[in-house]
Each structure stands twice: as structure tokens, then as C-alpha cells.
Amino acid sequence: MPDATNVDYDGLIPNNVGLNADPRLRRALESWHPGYLDWWKARGPEGFQASLVYLRTAVSVDPEGWARFGYVRMPDYRWGILLAPVVADRRIPFGAHTGEPAWQEVPGEYRAMLRRLIVVQGDTEPASVEQQWRLGHTAPSLYDLRNLFQVNVEEARHLWAMVYLLQKYFGRDGREEAEDLLRRRSGDRDSPRLLGAFNEATPDWLAFFMFTFFTDRDGKMQLHALAQSGFDPLSRTCRFMLTEEAHHMFIGQSGIGRIIERTCAAMREAGIDDPADVERVRALRVIDLPTIQKRANLHFSLTLDLFGSEISTNAANAFNAGLKGRYQEDQIADDHRLAGATYPVLRLRDGGIVREDTPALSALNMRLRDDYVADANSAVERWWNRVIARAGYAYRLKLPHVAFNRRIGEFAALHADPAGNILGADEWQRRRHDFLPSPADDAYVASLMRPVTEPGAFAPWIAPPRAGIDNKPGDFEYVKLQG
Ligand SMILES: [Fe+2]
Ligand SMILES: [Fe+2]
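About the cut-offs
- Residues numbered from 1 in each chain as written.
- Chains lettered and ligands numbered in written order.
- Predicted model: local features only at pLDDT ≥ 70, side-chain atom pairs only at ≥ 80, totals over all residues.
- Heavy atoms only, no water.
- Donors = N, O, S within 2.8 Å, 3.2 Å for Na, K, Ca; no water.
- Tetrahedral: all angles 85-135°; square planar, octahedral: opposite > 155°, others 65-115°.
- Helix = DSSP H or I, 4+ residues; strand = E, 2+ residues; numbered from the N terminus.
- Buried < 20%, exposed > 50% of the residue type's maximum accessible area, 1.4 Å probe, protein only.
- Lys, Arg positive; Asp, Glu negative; His and termini not counted.
- Salt bridge = Lys/Arg side-chain N within 4 Å of Asp/Glu carboxyl O.
- Contact = heavy atoms within 4.5 Å.
- Expected span 1.5 Å × (residues − 1).
- Pairing = 2+ DSSP bridges.
- Axes fitted to C-alpha atoms, helices over the stretch in contact; angles between N-to-C directions.
- Patch = residues over 30% accessible without salt bridge, like charges linked within 9 Å, V, L, I, M, F, W, Y side chains within 5 Å.
- Areas by Shrake-Rupley, 256 points an atom, 1.4 Å probe, with all protein chains shown as cover.
- Charge placed at Lys NZ, Arg CZ, Asp CG, Glu CD.
- Left-handed = near helix turned anticlockwise from the far one by under 90°.
- Nonpolar A, V, L, I, M, F, W, Y, C, P; charged D, E, K, R; others polar.
- 1 Å grid on protein atoms, 1.4 Å probe; cavity = no way out; pocket = protein on both sides within 12 Å on 5 of 7 lines; lining within 4 Å.
- Points joined across faces, edges and corners; volume = space filled by probe spheres on them.
- Phe/Tyr/Trp six-rings, centres within 6.5 Å; stacked < 30°, edge-to-face > 60°.
- Lys NZ or Arg CZ within 6 Å of the ring centre and 35° of its normal.
- Polar contact = N/O pair within 3.5 Å; in protein donor to acceptor, adjacent residues only side chain to side chain.

Describing the coordination of the iron ion (ligand 2)
Argument step 1. All of the protein donors around the iron ion (ligand 2) are Glu-155 (OE), Asp-216 (OD), Glu-245 (OE) and His-248 (ND1); their distances to the metal are 1.9 to 2.2 Å.
Argument step 2. Every donor counted, the four donor atoms about the iron ion (ligand 2) form angles of 89 to 166° at the centre, which fits irregular coordination.
Argument step 3. A gap of 3.6 Å separates the iron ion (ligand 2) and the iron ion (ligand 1), which Glu-155 links by coordinating each metal. Of the two residues, Glu-245 and His-248 both sit in helix H6 (residues 232-270), three residues apart, roughly one turn of that helix. Of the two residues, Glu-245 and His-248, neither departs from the other in class, the shared state being buried.

Encoded structure:
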């Protein structure tokens, strides 16, 4: 029998949830598995299914040493169902049921709401794999190629995690939802993924690093909020997913940091003092900092839309029900019910942006978004601006105002520049490519995307990493292309 930290690897599906003792569930998952593999082969990494990839696989949920590294063909990856260990006598940490024992079964009155939360989270996981499926063809190194595939197999494992919850706890409609998670496709006109940012293209490696920096960071915030859930299996699932998520953000942070490092070094060598001299910088075949700024503006604003409307009854209901909490709910010192509490929300009033105290319960999306923005800002300083400063340039990258380029919520109806100044429609049309990537910017980035497949070599627009994966040396062959 598996215990909380040791995973049962004997069956088809590695797990620490005692699948062997639950034949009905095991059959349900085993019958979902072939369709899953079909999906992976159709919309997982294109052209690399036979390659041997040096991947980590989760073999335990012990915070010390939960992963094992080794060469794997991706279709043979052991996608497991892993829940963080049980917390003895865990209580519901917020909402109307605060202090009651956490639920081990689905609370009947909240069944539909809970299913929806799991489906929305589950839908994002395969979506990102689909968005990234062709990037392998232009990887700047084997190291980066391996990192892409590591993210892909782990996002796919997150799909397994959500499908487990649906199959185990929601009977027939859970099985139908699990099928639908394989049926929808990112960017598909008839059957798109549920959330906007997960239907956008990820056309090049700068987009991939921005996605893992900004959009995986949204994932982190959502997982934190769900890890607080009073529905204990969801909480335990999300807590373990967070251990994998940290590496996804590392890939985004360090990836853009390495691009910036290379750009600054090339500018120095060429004697360029002004990073905004785009033409001269591009002549060096590196990515200029203004283009990185525009891409950051784009991905940040797309990701903010994932937090939903600032004022939300759904968010209030999920909190009251004890299903989705706040970021680090268990470290906040208040009543965890938010009765009578207020929270400052940015609103559009009389054509201007003002901060307005609003009932805290209905402002939970805004609060989670604020926590996200703070987290993203500190990562920009630490991973990007520090590199520019170290190279001796005064240029700074900066996240745009939350009103910039929005499709959802309070600011969807207006145009604003990255500083938050409201613009008329004409001025926006005229200036929008000062803020967002133009077709020419994208074409330039695309022109740099040439695969580098020699062990230890890197494309000329990105610096090598400081350290290898699993302490491997610089020339380690992270991917054996032909397998
Ligand atoms: Fe994920
Ligand atoms: Fe992720």
C-alpha cells in the first residue's frame, strides 16, 4: 500500500491515492488514458515524441527529494496522481464554514460550483501544452528544449490531477467533463479553451518565456487560492502542483534574464550607450529591450484578464462556500469571513480611474490580482532589472498600469497607455504599437528563431544559464533527438 509520501509505481498510473483499492476509479482512469495519449501525440510537442528527454518525474511528495531525473520518451512519461500529505484534523480555513472539519467528500450544496472551479483549472493545463506544441523546432539550445518539455509533461500531469478529482468525486458528469478536457483545443474556433489567454498563440521563444513568467504565475496564484480550499482533496492536489509550478516560473524568469544579459553584453561590445536605439541593437541580432518591454506589456495585460472582473459575485460565493480562498489565507489575521470588511478597488468613475472602498467579499478577484501584481513586480526587479543595472545601463523594464490593454473588467471599455493615462480611440490607434508589439517587431523576433541542437551551444540572442539542470555540466545532452 502506498502511504502519503511513497508513490505506488506498479500499475499503469503511478499514484499515492490508493488506486489499487478502488477498482471502479482505476477502470475509469484507465479508460480515459488512451484518449489522453491520443491527445498528447496529436497536440503534445510536435516532432519529438521519439526523442529521449532528460526529465524529472515526481516519485514522492516529500518536499526533500520528490523527483527523479532520467531519460524518457515523452509518451512513456509516468504521469501520476499525487496529493500532498494529509494534514491531521485540517479545518475549513475561511468562509461560512470556517473551523468545521475540511470536507473529504463533495459538499452537496456546492457541487456545481466546485466542479466548475476544477474544470476551469483543468482546462488551462492541456491548453498551454497545445499553445507550445511547435516551439521545439526552434529551441535556442538543448537545455531550453528540455525545459520546454519539462513544463509540457508537468502541465499534462496537472490535467491528470484535475481529471482524478472529476472521476473520483463527480460520477458521470465528472467523466463527461474529463472527456471534454481532451476535446477542446487552444485557439479552436468551434471548441476553444475556456479562458482567453489560453487561446492566444505562443509563436516564439520570447513568447514562451513571457508566458511562463506571467501566465504560469497566474497559475501559481490560482493554485494558492485553491490550496486553501475546504474540499481537502482539491487542497492537497493543488499543494503538490505548486512544487512543480515553481520551476515553470524559474524557466520564464531566468529565460528572459538570459536574453537581457545577452543583449546588454552585445550592446557593450558594440559600444551602444542607448538601449532604445532599436535599429543599432537589432543589427547585432539580439532582442532589444524596448521589444522585451512591449512583449511584457502584452503578456501582463492578457494575464490580468484571467483574474476576471474586479467585482465578482462568483468569487464571493466560492469564498463563502469555503471552496476558494485568498492568497495565503492561513497567514492572514482577520475573521476569514470578511463580514463588513472593505477592500480598495480601482474603478472607472466619471471618465477617471479612482480607488474606491468596496465590500471585501465581492472584491476577491481584485485582491488576488493585487497579490499577483506585487509578485510579478518583485520578479521583474530581481530577475530582469538587476541584470540591466549590473551591465551599467539606466534603462528599466516596468509593468504597465492595470488599465492598459484590458478585455475584461472595469477597464475593458477604455484605452489607456502603460502609465494609466486614458487615451481616445484615435490616439490609441495611432500609438498602440509604441506600447504593444507591431508586426515588424514580431517578424524581427521570428527571424532570430533558429534551432540550436549541438550540446552546450546556445543561440546568439540568449546567454547560457548559470547552472545546469540536476547539476549537469554545460555540454550535457539534455535531449537525444533521435532517441
Ligand atoms: Fe499547471
Ligand atoms: Fe505551470
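Section: the side chain of Glu-245
Argument step 1. Arg-157 provides the closest opposite charge to the buried, unpaired Glu-245, separated from it by 8.3 Å.
Argument step 2. Setting aside chain neighbours within four positions, we find Glu-245 in contact with Glu-155, His-158, Asp-216, Lys-220 and Leu-223.

Looking at the pattern of salt bridges
Charged atoms that come close allow side chains of opposite charge to pair.
Argument step 1. A full pass over the atoms with the stated rule returns 33 salt bridges.
Argument step 2. Arg-193 is paired through a salt bridge with Glu-130; the nearest N and O atoms lie 2.7 Å apart. On the criterion of sequence distance, the pair formed by Arg-193 in the loop between helix H4 (171-183) and helix H5 (205-227) and Glu-130 in helix H2 (residues 111-131) is long-range, its members being 63 residues apart. For the pair formed by Arg-193 and Glu-130, the shared burial category is buried.
Argument step 3. A salt bridge links Glu-356 to Arg-349, with the nearest nitrogen and oxygen atoms 2.9 Å apart.
Argument step 4. The class for Glu-356 is partly exposed, based on a relative accessible area of 26%.

Section: H2
Argument step 1. The terminal C-alpha atoms of H2 lie 31 Å apart, and with 21 residues this matches the ideal 30 Å at 1.5 Å per residue to within 8%.
Argument step 2. In terms of burial, H2 is largely enclosed, as 15 of its 21 residues are buried.

Quick notes on the pairing of strand E1 (residues 52-58)
Argument step 1. With respect to burial, E1 is a largely interior element, seven of its seven residues being buried.
Argument step 2. Every second residue of E1 is oriented toward a common face, with Leu-52, Tyr-54, Arg-56 and Ala-58 on one face and Val-53, Leu-55 and Thr-57 on the other, all of them buried.
Argument step 3. Bridging between E1 and strand E2 (residues 67-73) involves seven bridges; their strand directions are antiparallel. Within E2, the position partnered with Arg-56 by the bridge is Phe-69.
Argument step 4. Across two bridges, the pairing between E1 and strand E7 (residues 479-480) is antiparallel. The residue bridging Leu-52 from the neighbouring strand is Lys-480, located in E7.

Some thoughts on the sheet that holds E7
Argument step 1. Across the sheet, which stays open at both edges, the three strands sit in the order E2-E1-E7 with antiparallel pairing between neighbours. Since the sheet does not close on itself, it has two edges, and those belong to E2 and E7, each with one partner.
Argument step 2. Contacting E1, E2 and E7, helix H3 (residues 142-169) crosses the sheet at an angle of about 40° to E1.

Quick look at a positive patch on the surface
Argument step 1. Taken together, the side chains of Arg-24, Arg-27, Arg-172 and Arg-175 present a region of like positive charge at the surface.
Argument step 2. Put simply, the parts of the chain that give the positive patch at least two residues each are helix H1 (23-43) and H4.
Argument step 3. Assessed through its relative accessible area of 40%, Arg-24 is described here as partly exposed.

Regarding the packing of H5 against helix H8 (residues 289-304)
Argument step 1. Here H5 crosses H8 at 35°, and the two axes come no closer than 9 Å. Here the hand of the crossing between H5 and H8 comes out right-handed. Here Leu-206, Ala-207, Met-210, Phe-211, Phe-214, Thr-215 and Asp-218 of H5 come into contact with H8, specifically with Ile-292, Arg-295, Ala-296, His-299, Phe-300 and Thr-303.
Argument step 2. Taken together, the residues that form the contact of H5 with H8 break down as eight nonpolar, three polar and two charged.

Quick notes on empty space enclosed by the protein
Argument step 1. Per the counting criterion, the structure on display carries one cavity of 30 Å³ or more.
Argument step 2. Counted as a void, the largest cavity has a volume near 30 Å³.
Argument step 3. As for the largest cavity, its lining consists of Tyr-9, Pro-14, Thr-57, Ala-58, Tyr-77, Arg-78, Gly-80, Leu-82 and Arg-157.
Argument step 4. In terms of residue class, the lining of the largest cavity is made up of five nonpolar, two polar and two charged.

Digging into the packing of aromatic side chains
Argument step 1. For the structure shown, the criterion picks out 35 aromatic pairs.
Argument step 2. For the ring pair Phe-213 and Phe-214, a centre distance of 4.7 Å and an interplane angle of 70° mean the geometry is edge-to-face.
Argument step 3. It is Arg-43 that lies over the ring of Trp-133; its NZ or CZ is 4.1 Å from the centre.
Argument step 4. Of note, Arg-217 hangs over the ring of Phe-213, and the distance from its end group to the ring centre comes to 4.6 Å.

What about the coordination of the iron ion (ligand 1)?
Argument step 1. Note on the iron ion (ligand 1): its protein donors are Glu-125 (OE), Glu-155 (OE) and His-158 (ND1). The metal-donor distances range over 2.0 to 2.2 Å.
Argument step 2. All donors of the iron ion (ligand 1) belong to a single chain; written as a sequence motif, their spacing is E-x29-E-x2-H.

A closer look at the environment of Asp-216
Argument step 1. Position of Asp-216 among the secondary structure elements: in helix H5.
Argument step 2. Put simply, Asp-216 and His-137 are 79 residues apart on the chain and 22 Å apart in space, counted from C-alpha to C-alpha.
Argument step 3. Not counting the four nearest positions on each side in its chain, Asp-216 is found in contact with Glu-155, Phe-211, Glu-245, His-248 and Met-249.
Argument step 4. There is a polar contact of 3.4 Å between the side chain of Asp-216 and the side chain of His-248.

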